[in-house]
Amino acid sequence: MSLSLLVSLPTMLVAFARYSRDGSFAVLGANVRFTVVMAAGSVAGAVLGGLLLGAFPEVVLIPALAVILLVSAVKLARHA
């Protein structure tokens, strides 16, 4: 287990408990197809990322991740 996961785990558990109590997760049950597609994409991305980590040097992966995050931020900022 990485240190960052260990540090963020309490925050995630508290948030999960809080959202569970107020019914915020009901939207997931109402959108099962979307939830399954997002979960599958998350697992596939984690596996692919783990495989690429050994195949590409860090000098390539970090700038690529930075570009992906910047593009995502711009798209999110433009979304109304």
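Here the structure is shown first, and the text comes after it.
Residues numbered from 1 in each chain as written. Predicted model: local features only at pLDDT ≥ 70, side-chain atom pairs only at ≥ 80, totals over all residues. Heavy atoms only, no water.

1. What about the overall build of the chain?
Operational definition: Helix and strand labels come from DSSP, where a helix needs a run of H or I of at least four residues and a strand needs a run of E of at least two; each type is numbered from the N terminus. Each residue gets one of three labels from its accessible area relative to the maximum for its type: buried under 20%, exposed over 50%, partly exposed in between, using a 1.4 Å probe on protein chains only. For the accessible areas, the method is Shrake-Rupley and the probe is 1.4 Å, while residue cover comes only from the protein chains on display.
When helices and strands are counted, the chain shows four helices and zero strands. Going residue by residue from the N terminus, the α and β elements of the chain occur as α-α-α-α. In terms of its C-alpha atoms, the chain occupies a principal-axis envelope of roughly 45 × 35 × 25 Å. Residues classed as buried in the chain amount to 0% of the 80 residues present. Here the chain displays about 7,100 Å² of accessible surface, and carbon together with sulfur accounts for 76% of that area.

2. Comments concerning a nonpolar patch on the surface
Defined as follows: To count toward a patch, a residue needs a relative accessible area above 30% and no salt bridge. Like charges then connect within 9 Å, nonpolar side chains (Val, Leu, Ile, Met, Phe, Trp, Tyr) within 5 Å. The working definition used for a salt bridge is a side-chain nitrogen of Lys or Arg within 4 Å of a carboxyl oxygen of Asp or Glu.
Taken together, the side chains of Phe16, Tyr19, Phe25, Val27 and Leu28 present a nonpolar region at the surface, about 480 Å² in accessible area. Of all elements in the fold, only α1 (3–21) and α2 (26–30) reach the threshold of two or more residues within the nonpolar patch. The exposure class assigned to Val27 is partly exposed, which follows from its relative accessible area of 49%.

3. Remarks on the packing of aromatic side chains
This is how the line gets drawn: Within 6.5 Å between ring centres, the rings of Phe, Tyr and Trp (the latter by its six-membered ring) count as paired, and their orientation is classed by plane angle as stacked under 30 degrees, edge-to-face over 60, tilted in between.
The full count for this structure, using the stated rule, is two aromatic pairs. Taking the centre distance of 5.2 Å and the plane angle of 40° together, the rings of Phe16 and Phe25 count as tilted. Phe25 gets classed as partly exposed once you look at its relative accessible area, which sits at 34%. Between Tyr19 and Phe25 the ring centres are 6.4 Å apart and the planes differ by 70°, which places this aromatic pair in the edge-to-face class. Relative accessible area serves as the criterion here: at 44%, Tyr19 is assigned to the partly exposed category. Counting every residue linked through ring pairs, the aromatic cluster contains Phe16, Tyr19 and Phe25.

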